[in-house]
Amino acid sequence: MKNPALIFLSAFLVNNIVLMRFLGLCPFFGVSNAVETATGMGMAVVFVMTLAAWITYGVFHGILLPLNLVFLRTATFILTIASLVQLVEMFLKKYYRTLYSAMGIYLPLITTNCAILGVTFLNIDNKFNFLNGTVFAIGTGLGFALVMLTFAALRERLDLAPINPSLRGYPISFIAAALMALAFLGFSGLFGLT
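In this text the structure is predicted, and so the values were computed from the model without any measurement.

Conventions we followed
Residues numbered from 1 in each chain as written. Predicted model: local features only at pLDDT ≥ 70, side-chain atom pairs only at ≥ 80, totals over all residues. Heavy atoms only, no water. Patch = residues over 30% accessible without salt bridge, like charges linked within 9 Å, V, L, I, M, F, W, Y side chains within 5 Å. Areas by Shrake-Rupley, 256 points an atom, 1.4 Å probe, with all protein chains shown as cover. Salt bridge = Lys/Arg side-chain N within 4 Å of Asp/Glu carboxyl O. Helix = DSSP H or I, 4+ residues; strand = E, 2+ residues; numbered from the N terminus. Buried < 20%, exposed > 50% of the residue type's maximum accessible area, 1.4 Å probe, protein only. Polar contact = N/O pair within 3.5 Å; in protein donor to acceptor, adjacent residues only side chain to side chain. Contact = heavy atoms within 4.5 Å.

Novice: Help me out: how do you make sense of a nonpolar patch on the surface in this one?
Specialist: Taken together, the side chains of Leu167, Ile175, Leu179, Leu182 and Leu185 define a hydrophobic patch exposed on the protein surface, amounting to about 450 Å² of accessible area. With respect to the helices and strands, Ile175 occurs in helix H8 (residues 170–185). The partly exposed category is assigned to Ile175, whose relative accessible area is 40%.

Novice: Could you clarify how one ought to interpret helix H1 (residues 4–14) in this entry?
Specialist: A turn of α-helix holds 3.6 residues, and therefore any two residues three or four places apart point the same way. Within the span of H1, buried status applies to Ile7, Ser10, Ala11, Phe12, Leu13 and Val14. The backbone nitrogen of Ala5 lies 3.0 Å from a side-chain oxygen of the residue at the head of H1, namely Asn3.

Novice: In this structure, what is going on with the environment of Ala38? I would like to understand it.
Specialist: Inspection of the secondary structure assignment puts Ala38 in helix H3 (residues 35–64). Using a relative accessible area of 0% as the deciding quantity, one classes Ala38 as buried. For the pair Ala38 and Ala145, spaced 107 residues apart in sequence, the C-alpha to C-alpha distance is 7.5 Å. With sequence-adjacent residues up to four places away left out, Ala38 is seen in contact with Val31, Ser32, Met148, Leu149 and Ala152.

Here it is in structure tokens:
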């Protein structure tokens, strides 16, 4: 698949990183209590994911591959992502203090968000060029943000719903996430993408 539009649609809907690949579940459940924090987390992930895809592409193809150091890709990619998250954290702490406070511990957890690391690996494994890797990262990040916002809105509504006390909180959240995953599974036939 070399068409950037199909790569974007596949990453955004069909193979959604959270609901189809089950990566990035920690921030998905941890930060999706309110739409505002979910929006902030979604945009931070899009930013970090895109920059990580750019930088890791250059590091892999410019350093690791020519020097036959491919075995260092995991450590190198994690260091790259950790550095980018530190930049985002400093920016939010300085300019968006309320969002920084609302995200709490989940902001540094972007460093260990396996969705971001997964995208950097998938770019290499799928042999995407720089453009297709960028499109894939943006599509995946926006797909992550879409799912975060949708789930946060759903959880806000569930907090007001008359639900059995034994299902309140995470139990009903897991049920809602499973139903969302089933709904996104319906996109698998879209444009013949798998």
